[in-house]
Amino acid sequence: MLLNFGKKNKMVKELRKNQGLTAKELARMVKVDTIKILRVEDVKLKDVPEPLKSKISPILTGKYMDKIPW
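Note that the structure is predicted; figures quoted are calculated from it, not measured.

### A word on the packing of helix 2 (residues 23-30) against helix 4 (residues 50-61)
Logical step 1: Relative orientation of the contacting elements helix 2 and helix 4 amounts to 120°, with a least axis distance of 10 Å. On the basis of their axis angle, the class for helix 2 and helix 4 is oblique. With respect to the hand of their crossing, helix 2 and helix 4 are arranged in right-handed fashion. The segment helix 2 lies against helix 4, with Leu-26, Met-29 and Val-30 engaging Lys-55, Ile-56, Ile-59 and Leu-60.
Logical step 2: Per-class residue counts for the contact of helix 2 with helix 4 are 6 nonpolar, no polar and 1 charged.

### Here we look at the confidence of the model for the chain
Logical step 1: In this model, the chain carries a mean pLDDT of 87, and residues with pLDDT of at least 70 account for 87%.
Logical step 2: No element of the chain has a lower mean pLDDT than helix 4, which averages 92, and none a higher one than helix 3 (residues 34-39), which averages 95.

### Points about helix 2
Given 3.6 residues per helical turn, the α-helix brings residues three or four places apart onto the same face.
Logical step 1: Every buried residue of helix 2 is listed here: Ala-23, Leu-26, Ala-27 and Val-30. Buried positions in helix 2, seen along its axis, are confined to an arc of 100° and lie on one side of it. Residues of helix 2 that are exposed and point more than 90 degrees away from the buried face comprise Lys-24 and Arg-28.
Logical step 2: Packing partners of the buried residues in helix 2 comprise helix 1 (12-18), helix 3 and helix 4.
Logical step 3: Where helix 2 ends, the next residue or the one after it, Lys-31, has phi of about 60°, a positive value.

### Description of helix 4
Logical step 1: For helix 4, which comprises 12 residues, the first-to-last C-alpha distance of 16 Å matches the rise-based estimate of 16 Å (1.5 Å per residue) to within 8%.
Logical step 2: What helix 4 keeps buried is the set Leu-52, Lys-53, Ile-56, Ser-57, Ile-59, Leu-60 and Thr-61.
Logical step 3: Summarising the contacts, the buried residues of helix 4 are in contact with helix 1, helix 2 and helix 3.
Logical step 4: Positive phi shows up at Gly-62, right after helix 4, with a value of about 90°.

The rules we used
Residues numbered from 1 in each chain as written. Predicted model: local features only at pLDDT ≥ 70, side-chain atom pairs only at ≥ 80, totals over all residues. Heavy atoms only, no water. Axes fitted to C-alpha atoms, helices over the stretch in contact; angles between N-to-C directions. Helix = DSSP H or I, 4+ residues; strand = E, 2+ residues; numbered from the N terminus. Parallel < 35°, antiparallel > 145°, perpendicular 65-115°, else oblique. Left-handed = near helix turned anticlockwise from the far one by under 90°. Contact = heavy atoms within 4.5 Å. Nonpolar A, V, L, I, M, F, W, Y, C, P; charged D, E, K, R; others polar. pLDDT = per-residue confidence, 0-100. Buried < 20%, exposed > 50% of the residue type's maximum accessible area, 1.4 Å probe, protein only. Arc of directions from axis to C-beta. Expected span 1.5 Å × (residues − 1).

See the structure below:
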(Lines give C-alpha, C1' and ligand atoms only; values in the text may rest on other atoms or scores of the structure.)
Protein backbone atom coordinates (compact mmCIF):
# COMPACT_ATOMS: atom_id res chain seq x y z
CA MET A 1 0.00 0.00 0.00
CA LEU A 2 2.82 2.35 0.82
CA LEU A 3 4.53 1.69 -2.50
CA ASN A 4 1.65 3.16 -4.52
CA PHE A 5 1.77 6.47 -2.66
CA GLY A 6 1.37 9.35 -5.11
CA LYS A 7 0.42 7.33 -8.19
CA LYS A 8 -3.02 8.91 -8.26
CA ASN A 9 -1.47 12.36 -8.75
CA LYS A 10 0.37 11.32 -11.93
CA MET A 11 -0.94 11.69 -15.47
CA VAL A 12 -2.49 8.67 -17.15
CA LYS A 13 -0.01 8.90 -20.03
CA GLU A 14 2.97 8.79 -17.68
CA LEU A 15 1.61 5.78 -15.79
CA ARG A 16 0.78 3.99 -19.03
CA LYS A 17 4.28 4.50 -20.39
CA ASN A 18 5.81 3.34 -17.10
CA GLN A 19 3.96 0.04 -17.57
CA GLY A 20 5.24 -0.20 -21.15
CA LEU A 21 1.79 -0.13 -22.74
CA THR A 22 0.47 1.69 -25.76
CA ALA A 23 -2.96 3.29 -25.70
CA LYS A 24 -4.27 0.57 -27.97
CA GLU A 25 -2.96 -2.20 -25.70
CA LEU A 26 -4.44 -0.57 -22.61
CA ALA A 27 -7.79 -0.16 -24.35
CA ARG A 28 -7.74 -3.81 -25.35
CA MET A 29 -6.97 -4.90 -21.77
CA VAL A 30 -9.90 -2.97 -20.28
CA LYS A 31 -12.18 -3.63 -23.27
CA VAL A 32 -12.95 -0.02 -24.21
CA ASP A 33 -12.36 2.02 -27.34
CA THR A 34 -8.91 3.49 -27.88
CA ILE A 35 -10.38 6.98 -28.21
CA LYS A 36 -11.61 6.85 -24.59
CA ILE A 37 -8.07 6.17 -23.40
CA LEU A 38 -6.67 8.94 -25.58
CA ARG A 39 -9.19 11.44 -24.18
CA VAL A 40 -8.01 10.93 -20.60
CA GLU A 41 -4.26 10.79 -21.32
CA ASP A 42 -3.62 14.36 -20.14
CA VAL A 43 -5.67 13.97 -16.94
CA LYS A 44 -4.46 12.90 -13.51
CA LEU A 45 -5.58 9.42 -12.50
CA LYS A 46 -7.63 10.77 -9.59
CA ASP A 47 -9.61 13.02 -11.98
CA VAL A 48 -10.63 10.29 -14.46
CA PRO A 49 -14.40 9.60 -14.48
CA GLU A 50 -15.33 6.70 -12.22
CA PRO A 51 -16.42 3.89 -14.58
CA LEU A 52 -13.17 4.16 -16.52
CA LYS A 53 -11.03 4.86 -13.47
CA SER A 54 -12.00 1.61 -11.77
CA LYS A 55 -11.04 -0.32 -14.91
CA ILE A 56 -7.67 1.27 -15.65
CA SER A 57 -6.28 1.99 -12.18
CA PRO A 58 -5.22 -1.63 -11.37
CA ILE A 59 -3.43 -1.87 -14.70
CA LEU A 60 -1.69 1.48 -14.44
CA THR A 61 -0.55 0.89 -10.87
CA GLY A 62 0.64 -2.67 -11.59
CA LYS A 63 -1.78 -4.48 -9.29
CA TYR A 64 -3.05 -6.73 -12.07
CA MET A 65 0.32 -8.53 -12.04
CA ASP A 66 -0.45 -9.93 -8.57
CA LYS A 67 -3.18 -12.16 -9.98
CA ILE A 68 -1.03 -13.86 -12.61
CA PRO A 69 -0.34 -17.49 -11.61
CA TRP A 70 3.42 -17.88 -11.92
